[in-house]
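Listed below, chain by chain, are the residues.
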Amino acid sequence: MSDILISERITGAAVDALSDDFTVATEPDLWRSPDDLRDRLAGFRALMVRNQTQVDARLIASAPSLEVIGRAGVGTDNIDLDAAKQHGVAVVYTPEQNAISVAELVMGSMLSLARHIPAASLNASEGGWDRHRFMGVELYGKTLGIVGLGRIGHRLGIRARAFGMDIVAHDPFVRADGVVASELRSPMLSLTELLARSDFVSCHMPLIPETKHLFNDAAFAAMRPTAYFVNAARGGVVDETALIRALRDGDIAGAALDVREVEPPVASPLNDMDNVILTPHIAALTDEAQERVVASLCGDVAAVLRGEMPAHIAR
Ligand code: MLT
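Rules used in this analysis
- Residues numbered from 1 in each chain as written.
- Predicted model: local features only at pLDDT ≥ 70, side-chain atom pairs only at ≥ 80, totals over all residues.
- Heavy atoms only, no water.
- Domains from an automatic or database assignment.
- Buried area = accessible area lost by both parts, 1.4 Å probe.
- Salt bridge = Lys/Arg side-chain N within 4 Å of Asp/Glu carboxyl O.
- Polar contact = N/O pair within 3.5 Å; in protein donor to acceptor, adjacent residues only side chain to side chain.
- Near = heavy atom within 4 Å.
- Areas by Shrake-Rupley, 256 points an atom, 1.4 Å probe, with all protein chains shown as cover.
- Nonpolar A, V, L, I, M, F, W, Y, C, P; charged D, E, K, R; others polar.
- Helix = DSSP H or I, 4+ residues; strand = E, 2+ residues; numbered from the N terminus.
- Buried < 20%, exposed > 50% of the residue type's maximum accessible area, 1.4 Å probe, protein only.
- Expected span 1.5 Å × (residues − 1).
- Pairing = 2+ DSSP bridges.
- Axes fitted to C-alpha atoms, helices over the stretch in contact; angles between N-to-C directions.
- Contact = heavy atoms within 4.5 Å.
- Right-handed = clockwise from strand over helix to strand, strands pointing away.
- Phe/Tyr/Trp six-rings, centres within 6.5 Å; stacked < 30°, edge-to-face > 60°.

1. Things to note about the domain arrangement of the chain
Splitting the chain by domain gives domain 1 (2–97 + 287–305) and domain 2 (99–278). Domain 1 and domain 2 are separated by 31 Å when their C-alpha centres are compared. Contact with domain 2 buries area across many residues of domain 1, yet Asp77, Pro95 and Glu96 alone supply 47% of it, more than any other trio. Connecting domain 1 to domain 2 are two salt bridges. When the shortest N-O distance is used, the salt bridge between Asp77 and Arg234 registers 2.8 Å. The interface formed by domain 1 and domain 2 holds three residue pairs in polar contact (both at pLDDT 80 or more) in total.

2. Topic: the site of the ligand
Close contacts around the ligand come from Arg50, Asn51, Arg71, Ala72, Gly73, Val74, Gly75, Asn98, Arg234, His281 and Ala284, and that covers them all. One nitrogen or oxygen atom from the main chain of Gly75 is found 2.9 Å from an oxygen atom belonging to the ligand. In the complex, the protein chains occlude 94% of the 260 Å² of accessible area that the ligand would expose alone. Across the shell around the ligand, the residue classes break down as three nonpolar, five polar and three charged.

3. Focus: the environment of Leu113
Its place among the elements puts Leu113 in helix 5 (residues 99–115). Judged by its relative accessible area of 4%, Leu113 falls in the buried class. Once the C-alpha coordinates of Leu113 and Ser186 are considered, the two residues, 73 residues apart in sequence, prove to be 23 Å apart.

4. A word on helix 12 (residues 287–305)
Its 19 residues give helix 12 an end-to-end C-alpha distance of 27 Å, which sits within 8% of 27 Å, the value for a rise of 1.5 Å per residue. At the C-terminal side of helix 12, Gly307 shows a positive phi close to 80 degrees.

5. Some details on the sheet that holds strand 6 (residues 143–147)
Strand order in the open sheet formed by six strands is 7-6-8-9-10-11, and the pairing between neighbours is parallel. Edge positions in the sheet fall to strand 7 (166–170) and strand 11 (276–278), since each has one partner strand and no second. Looking at each pair of strands side by side, their axes are set apart by 15 degrees on average, direction ignored. Pairing geometry for strand 6 and strand 7, over five bridges, is parallel. Pairing of Gly145 across the sheet is with Val168, part of strand 7. Across the sheet, helix 5 is in contact with strand 6, strand 8 (200–203), strand 9 (228–231), strand 10 (254–257) and strand 11; its angle to strand 9 comes to roughly 150 degrees.

6. Observations concerning the pairing of strand 4 (residues 68–71)
It is a general feature of regular strands that their side chains alternate between the two faces of the sheet. Burial along strand 4 is two-sided: the residues Val68 and Gly70 and Ile69 and Arg71 are all buried. Looking at chain direction, strand 4 and strand 5 (residues 90–93) are connected through four bridges and run parallel. Counted as the bridge partner of Gly70 is Val92 from strand 5. Tracing the backbone out of strand 4, into helix 4 (residues 81–86) and back to the parallel element strand 5 gives a crossover that is right-handed.

7. Regarding the packing of aromatic side chains
Here the structure, examined in full by the defined rule, presents four aromatic pairs. Ring geometry for Phe215 versus Phe220: centroids 6.2 Å apart, planes at 40 degrees, classification tilted. You can call Phe220 buried: its relative accessible area is 0%. Consider the rings of Phe220 and Phe229, whose centres lie 5.4 Å apart with planes at 90 degrees: the pair is edge-to-face. One exposure class covers both Phe220 and Phe229, and it is buried.

8. Digging into the sheet that holds strand 1 (residues 2–6)
The five strands lie next to each other as 2-1-3-4-5, forming an open sheet whose pairing is parallel. Across the chains shown, the open sheet's two edge strands, defined by having one partner strand only, are strand 2 (24–26) and strand 5. Neighbouring strand axes in the sheet, compared pairwise and without regard to direction, differ in orientation by 20 degrees on average. The strands touched by helix 2 (residues 34–41) within the sheet are strand 1, strand 2 and strand 3 (44–49), with strand 3 carrying the most contacts at an inclination of about 145 degrees. Its contacts with the sheet put helix 12 on strand 1, strand 3, strand 4 and strand 5, and the angle it makes with strand 5 is roughly 160 degrees.

Laid out in structure tokens, this is it:
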């Protein structure tokens, strides 16, 4: 029997070190072929993935030796947690290891939207010098609405306050008198109130049935026409058709999307909108975050295989 199968690109010193104690097979493109993955996984005790491997009930049921699934990241929406539980397979993940990187990408996205940095860079590199086409706005003094005040939302709030932004937040699980909202001096609002008050809205909700298409026609209609929307959480929390309509009709001023409903995305009108910034799900991809993520994940996968208690179990 083999030990660990890695079906996406997960690398680093901690992965290399796993080979001291376990047999490790790294097949970074295996996620692309669910049939091959099912065949291959049959003899393994552990599967390590990012967000592109769909670990569904069928895959889990077809792997009788499987003891643990390791998810290199915070979102577990690509893993059928109920099926894993039913088959006695532990799921470990990295709930906080990339939070700083994601918060930093959102700051970069807000600055890029406010100052039109990608379009201005393209203009200059193509030999243009159209300075006045790129008149922007400051983040200073603006209101940032954070939807989801967990580990990432909290860190984003700290950084945004350093830029002189006011914070308002929506999160059904965070108390207005708790330490996070108090530290950020952020009133906890209903989603509709937040959308109406914010100059920038950033989503940090997991994708669960309750949050699917949370940002729909009604949500975008509730935003200010001068407001910018940022999503570095999960594509499925946004109804992209509604977003496209809102951008076209001027319900909102612009959007920055690091995640999409379908990844890699299919051709979309978003590709041709000059008030939209698209990045290919890079929020967690920094040297520092990946070192933390991979070290934590490998430690937890090894712990389960040794019969020890892992630090981060997804439920
Ligand atoms: C996450 O859930 O943390 C991200 O999707 C990580 C990743 O880049 O795979």
